[in-house]
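The lines below spell out each chain.
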Amino acid sequence: MRELPLTVKRSVELLGLVLCIAIFAIASDIIMPVIMAFFISILLLPVYRFLRRFKFPEALAIILPILLVFIFIAGIIWFFSAQIGVLVNDFPQIKENVAKHLQSLQEWISSFTDFSISKQKKFITEKSDDLLNMAGKAASGAAVTLSSIFVFLGLIPIYIYLILFYKDILLRFLFMWFKTEHHPKVKEAAYEAEAIIKNYLVGLLIQITYMTILLGCALMLFGIKHALLIGVIFAILNLIPYVGALIGNILGVLITLTSSPELGPVITVLLVIAVVQFFDNNILMPRIVGSKVKINALVSILGVVIGGTIAGISGMFLSMPIIAVLKVIFDRSDGFKHWGVLFGDERPAKSPMTFAIYRRKGDVKTKSGVIKKK
C-alpha cells in the first residue's frame, strides 16, 4: 500500500485534533464523568486488589473503596460547612470591616482624581443594582445547574463500579485494537499510564493535606482569622496548574480583608502563601509525585485553558493527567512521537537549526532572491 504524503498525514492529524476537541465540547456532560470515574478507578485499583487477595467477593471489593471515596468527600464538605458557619457568625464584623476598607479606598481615589466620594457611592449603588438583577436571572437557572451536578455525582459511582467490574473486557478491547506485534508496547503504555495516574492523584491528595496543614498552621501562628479556611481553599485551588494559585491568592486576600480592618494581615497572608508555595513547588511536590512524565509549562497552561473552556472546573482539574497519559501514548507511537516531544519539557542541548544535517551547503535560490551562505 502506497504511503500517504506528509502533508496529508499532518492534515489528518490536525483534523483529528479538531474533531476530538469538538466532540469533548459538544458531549462534555457525557464524557467528563466517564473520564473522572476512570481516573478514580485507577486510584482505587490497589484497594480492590488488596481486598480480592483476601477472598472478598468482587462486588464487595468494588463497593468498599467507593464508600471510602464518599466518606472522604463527606469529610471535606463537613469541614467547609463548619468553616463557612464560623464565617457567617462573624458577618456583622465583616460588614463593618468592608465598610472601612471601602471608605479608605474612596478617600484614596478622590485624593488624586475628580471622582468625588458621592459620585463613587452613586456608581457603586448602580453597579450593585445591576449585579442583583444579574443574580436574579442566574437564580432561574440554578435548579438546572444543581440537577446537573447531582446527575454528575450520581453517575460517577456507577461508572466506577462498572469500570472496575468490566476492566478485563476493556483491556481485551484495547489489545484487540492493535496488531499482535504491537502488544508489548501497548502493555508497557498501559502499566506506565496506570502508574502515572496513581502517582499524580495520590500526590495531589497528599499535597492538599500538607498544604492545608502548613498554610493553616502558619497563618494561625500569625493570628490570621479563618486561617484553616484560607489554607484548604488555596490547597484545593492549587491543584489547577498556574491559574489556581493566582485565584487562591486573591480569595485569601479577600477573606483576610473582610476579617481585618488593617492591611498588615493581608501582607502576612501573601508572604506566608509565597513561602509555602516555594517549598511545595521546589522541594515537596517533586519528591512526592516523582512522575517520569514531564509536561512543559506552555502545554500545561493551554491544557488548563482548553479544559476549562470545554468542561469547566472538572476539565481544568483533569487536563494534566489527560495530557500525561497522551504523552505516554505518543512517546510509544512511531507516527506520533513528534507530539510527545511537543508535550515534554526536555529542551535540546542546542537548536536543531545548528545541526550539521540542516546547515546550508551553499547559496539558496528563492523567489525573493538568493540567500547567501554564511
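For the structure, check the block above.
So, here is what we can say about the structure in this document. (Residues numbered from 1 in each chain as written. Predicted model: local features only at pLDDT ≥ 70, side-chain atom pairs only at ≥ 80, totals over all residues. Heavy atoms only, no water.)

Details of the packing of helix α2 (residues 28–53) against helix α12 (residues 297–331)
And step 1. At a minimum axis separation of 11 Å, α2 and α12 run at an interaxial angle of 40 degrees. Regarding the angle of α2 to α12, the classification is oblique. Of the two elements, α2 crosses α12, and the hand of that crossing is left-handed. Residue-level contacts link S28, M32, I35, M36 and F39 of α2 to I310, A311, S314, G315, L318, P321 and I322 of α12.
And step 2. Along the lines of polarity and charge, the residues of the contact of α2 with α12 split into nine nonpolar, three polar and no charged. (Axes fitted to C-alpha atoms, helices over the stretch in contact; angles between N-to-C directions. Helix = DSSP H or I, 4+ residues; strand = E, 2+ residues; numbered from the N terminus. Parallel < 35°, antiparallel > 145°, perpendicular 65-115°, else oblique. Left-handed = near helix turned anticlockwise from the far one by under 90°. Contact = heavy atoms within 4.5 Å. Nonpolar A, V, L, I, M, F, W, Y, C, P; charged D, E, K, R; others polar.)

Brief notes about helix α3 (residues 58–89)
And step 1. For α3, with 32 residues, the first-to-last C-alpha span of 47 Å sits near the 46 Å given by 1.5 Å per residue.
And step 2. Residues of α3 that are buried include every one of A61, I62, P65, I66 and Q83, and no others. (Expected span 1.5 Å × (residues − 1). Buried < 20%, exposed > 50% of the residue type's maximum accessible area, 1.4 Å probe, protein only.)

Examining the packing of aromatic side chains
And step 1. Scanning the entire structure with this criterion turns up seven aromatic pairs.
And step 2. Between F50 and F54, the aromatic rings sit 5.0 Å apart at their centres with planes inclined by 55 degrees, giving tilted as the arrangement.
And step 3. Judged by its relative accessible area of 54%, F54 is exposed.
And step 4. Measuring from centroid to centroid gives 5.9 Å for Y161 and F165, while their planes differ by 10 degrees, and the two rings are stacked. Note that Y161 and F165 are positioned in helix α6 (residues 142–165) at a spacing of four residues, about one turn of the helix. (Phe/Tyr/Trp six-rings, centres within 6.5 Å; stacked < 30°, edge-to-face > 60°.)

Observations concerning the nonpolar core
And step 1. If you look at the biggest cluster of nonpolar residues, it comprises 57 residues, and the most contacted ones within it are I160, L215 and L219.
And step 2. The biggest single contributor to this core is α2, with 12 residues.
And step 3. Discounting chain neighbours no more than four positions away, the residues touching L215 are I230, G231, F234, V272, I273 and V276. (Core = buried A, V, L, I, M, F, W, Y, C linked by side-chain atoms within 4.5 Å.)

Examining the pattern of salt bridges
And step 1. If you walk through the whole model with that rule in mind, you get three salt bridges.
And step 2. K198 is the partner of E194 in a salt bridge, and the nearest nitrogen-oxygen pair spans 3.3 Å. Pair noted here: E194 and K198 are both in helix α8 (residues 183–221), with a separation of four residues, about one helical turn.
And step 3. Assessed through its relative accessible area of 13%, E194 is described here as buried.
And step 4. Its salt-bridge partner being D331, residue K327 comes within 2.8 Å of it at the nearest N-O pair. (Salt bridge = Lys/Arg side-chain N within 4 Å of Asp/Glu carboxyl O.)

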